[in-house]
Amino acid sequence: MSVHELAAPFLDGAREGRLMVQRCAGCGHAQLPPAMTCPCGRAELEWVESSGRGTVLAVSVVHRAPTEEHAARAPYAYAAVRLEEGAQMITNVVGVDPSDVTVGMDVEAVFEREDAAGQPWPDFRPVAAVSPHHGKDQA
Amino acid sequence: MTSTARITGVGDARIEKGRLRRGVELGAEAALAAVADAGLALADVDALLVESPDVEQHHMAHLALCDTLGWTPPFALSTGAGGSTPFANVTVATSLLAAGVAERVLVVDYDARRSFRKANRERLGANLPRGGGHASFWEDPYGATGPAKFALNASAHMARYGTTRADLARVTVAARAAGAQRPGAQLREPVTLDDVLSSEPIAEPLHKLDCCLISDFGSAYVVSNVPGDAPGGVEILGLGQHHGGYAVYRTEEYGRAVDVERAAQQAFGQAGLSPGEVDVALVYDSFTITVLLGLEAIGFCGPGEGGAFLRETGLGPSGGLPLNPHGGQLSYSGGHGHFVTEAVRQLRGTAPSGQVPDAEVALCQGMAAGVLSAYTVLLGGTR
């Protein structure tokens with residue numbers, strides 16, 4: 001069976017619960033999914049761990065799923081997220097009603113789900129809101 | 001543009017409900033119609049370009065078509081650019097002519113998607129097969145679908161500019177009004193804004209009536225640079241293309257079709273024309289959002305102004321921007337080449353319905369891979 005070598009660092013990292021991003025050693029541009037070259041024209045590409053934090057660029061609540069596997073989860077939030085490092089990825093936003101996912105929402109990566117072959121993939125969940133300060137009289 | 005290439009013949013297969021035919025036979029019917037329309041016989045054509053069908057797949061569709069026609073030309077090739085293949089093939093055809101490889105190029109697209117889905121409904125449900133040629137390693141784990149990809153474009157545009165579902169729905173209302181007038185259209189009943197808004201959600205904000213038809217289809221056109229051929233053939237004024245990639249994660253900005261911008265700029269530059277001089281627009285309407293982003297990117301209105309443009313501009317034959325007078329993919333057919341054949345008929349003044357008065361410049365905007373792969377074709381009438 002052919003191996004997707006370009007994806008290996010991402011997939012290996014996912015198995016360890018780490019979100020890995022490809023980055024150009026020349027210009028610092030981060031990209032996901034990985035490619036053989038950087039837009040700057042060089043091919044000195046390395047992998048770094050992402051903070052896992054990002055922002056939702058666009059989201060769709062999908063009702064008509066492509067397979068039985070996904071139909072069981074429908075409706076689900078299919079989204080494009082931009083990571084802090086600059087790379088973008090397609091993902092699902094979980095841990096919230098899909099209809100409540102908004103463009104601009106701050107999210108963070110979670111590894112909760114595996115595909116049919118047992119490979120973990122990162123979903124994203126809303127970053128927990130900071131608790132409001134409780135004591136009115138505290139300095 | 002100094003090309004002497006002209007589109008001298010067009011043909012579309014007649015689709016009849018209940019009569020299920022193989023796609024390659026629809027392609028052959030359209031091919032023969034286009035050749036006859038050009039005043040030619042097959043023996044006069046020396047090159048054939050065929051779009052690689054998506055559902056009725058064949059790794060050498062150009063030769064499969066030849067077998068069905070009972071003819072082979074000196075030059076034959078399949079090309080693949082998804083739904084934008086007939087648009088892209090104008091560039092390929094004119095290049096063959098300019099290089100002296102051929103004098104007359106027959107360009108064909110066909111597929112039998114509706115028949116396939118009907119026959120496989122139990123197995124596939126409402127979806128066309130997503131495996132094989134449509135597999136996307138980085139998107140499929142997340143339940144990617146065609147509509148979901150375009151829904152991301154709509155989501156970003158709505159978030160940034162306040163565009164509404166009702167704005168988008170106007171594209172369908174206009175398309176269905178046009179299709180209602182057009183003999184041979186797959187859907188011939190008008191719909192209201194409410195019909196679109198209340199249709200079943202597919203990938204929000206896109207609902208069923210935001211989505212194009214699934215059809216069986218066959219279309220063809222002939223490009224010639226033989227001076228005596230079909231006097232009054234439609235001129236090819238400008239061509240452009242630009243590509244951002246295949247998968248939606250290659251998108252630079254989800255609420256903008258930058259590749260359409262660049263393709264259109266290139267075509268207008270070659271033609272020495274501006275968007276304001278377009279008399280009729282044939283814009284690929286895979287979804288309502290495809291049209292909205294396309295209209296902005298072509299330059300009919302500014303970025304973010306698409307919603308207002310759709311609210312304020314008549315899209316019918318006498319409106320501010322006549323758009324898809326045949327009904328497009330939202331009403332006429334989920335096929336591809338009909339945007340080109342309709343443009344030619346409009347410029348000749350022979351459209352069976354929705355004729356734009358005195359149409360002299362037609363813009364055909366192909367989009368594939370979402371809105372990431374763009375081909376712009378500017379055509380001029382010689383009446």
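Residues numbered from 1 in each chain as written. Chains lettered and ligands numbered in written order. Predicted model: local features only at pLDDT ≥ 70, side-chain atom pairs only at ≥ 80, totals over all residues. Heavy atoms only, no water.

(A) Structural detail: the overall build of chain A. In terms of regular secondary structure, chain A is built from 2 helices and 8 strands. Principal axes of the C-alpha set define a box for chain A whose edges measure 60 × 45 × 25 Å. In chain A, which comprises 139 residues, the proportion classed as buried is 40%. Residue pairs in contact within chain A that sit at least 24 positions apart in sequence constitute 48% of those at least 6 positions apart. (Helix = DSSP H or I, 4+ residues; strand = E, 2+ residues; numbered from the N terminus. Buried < 20%, exposed > 50% of the residue type's maximum accessible area, 1.4 Å probe, protein only. Contact = heavy atoms within 4.5 Å.)

(B) Structural view of helix α13 (residues 338-348) of chain B. Residue and element names in this part refer to chain B. Most of α13 is tucked away: 10 of the 11 residues are buried. Along α13, the residues classified as buried are His338, Phe339, Val340, Thr341, Glu342, Ala343, Val344, Arg345, Gln346 and Leu347. One or two residues past the end of α13 sits Gly349, with phi positive at roughly 80 degrees.

(C) Quick peek at the sheet that holds strand β3 (residues 45-49) of chain A. Residue and element names in this part refer to chain A. Pairing in this open sheet of 3 strands is antiparallel, and the strands run β2-β1-β3 from one edge to the other. Only two strands of the sheet have a single partner each, and these edge strands are β2 (30-31) and β3. As defined by bridge partners, strand β1 (residues 20-24) adjoins β2 across 2 bridges and the pair is classed as antiparallel. Paired with Gln22 across the strands is Gln31, a residue of β2. (Pairing = 2+ DSSP bridges.)

(D) Summary view of the packing of aromatic side chains. Taken as a whole and judged by the stated rule, the model has 10 aromatic pairs over all chains. Seen in terms of ring centroids, A:Trp121 and B:Tyr142 are 6.1 Å apart; in terms of plane orientation they differ by 85 degrees. Their pairing is edge-to-face. Of the two residues, A:Trp121 is situated in strand β8 (residues 120-126) and B:Tyr142 in the loop between α5 (121-124) and α6 (146-161); the pairing between them involves two chains. No difference in accessibility class separates A:Trp121 from B:Tyr142, as the two residues are buried. With a centroid separation of 6.3 Å and 80 degrees between ring planes, the pair formed by B:Phe87 and B:Tyr284 is classed as edge-to-face. Here B:Phe87, found in helix α3 (residues 85-98), pairs with B:Tyr284, found in the loop between β9 (280-283) and α10 (288-298); they are 197 residues apart in sequence, far enough to count as distant. Owing to a relative accessible area of 1%, B:Phe87 belongs among the buried residues under this scheme. One aromatic cluster in this structure is built from A:Phe10, A:Trp121, B:Phe137, B:Trp138 and B:Tyr142. The ring of A:Tyr76 is capped by A:Arg73, whose NZ or CZ atom sits 4.9 Å from the centre of that ring. One residue, B:Lys149, lies across the ring of B:Tyr246, its end atom 5.0 Å from the ring centre. (Phe/Tyr/Trp six-rings, centres within 6.5 Å; stacked < 30°, edge-to-face > 60°. Lys NZ or Arg CZ within 6 Å of the ring centre and 35° of its normal.)

(E) Main features of the packing of helix α9 (residues 258-271) of chain B against α10(B). Residues and elements named next belong to chain B. With their axes 8 Å apart at the nearest point, α9 and α10 run at an angle of 45 degrees to one another. As far as their axial angle goes, α10 and α9 are oblique. Handedness of the α9/α10 crossing: right-handed. Contacts between α9 and α10 pair Val260, Glu261, Ala264 and Phe268 from the former with Gly294, Ala297 and Ile298 from the latter. Among the residues making up the contact of α9 with α10, the classes are represented as 5 nonpolar, 1 polar and 1 charged. (Axes fitted to C-alpha atoms, helices over the stretch in contact; angles between N-to-C directions. Parallel < 35°, antiparallel > 145°, perpendicular 65-115°, else oblique. Left-handed = near helix turned anticlockwise from the far one by under 90°. Nonpolar A, V, L, I, M, F, W, Y, C, P; charged D, E, K, R; others polar.)

(F) Up close: the interface of chain B and chain A. Listed per partner, the contact involves 30 residues of chain B and 33 residues of chain A. Both faces combined, the contact of chain B with chain A buries some 2,600 Å², and carbon together with sulfur accounts for 63% of it. Across the contact surface, chain B and chain A share 1 salt bridge. Between B:Glu200 and A:Arg64 there is a salt bridge, and its shortest N-O distance comes to 3.4 Å. Here chain B is connected to chain A by 14 residue pairs in polar contact (both at pLDDT 80 or more). Elements with a contribution of two residues or more to the side of chain B that touches chain A: α6 and β5 (201-203) of chain B. The element best represented in the side of chain B that touches chain A is α6(B), accounting for 7 residues. (Buried area = accessible area lost by both parts, 1.4 Å probe. Salt bridge = Lys/Arg side-chain N within 4 Å of Asp/Glu carboxyl O. Polar contact = N/O pair within 3.5 Å; in protein donor to acceptor, adjacent residues only side chain to side chain.)

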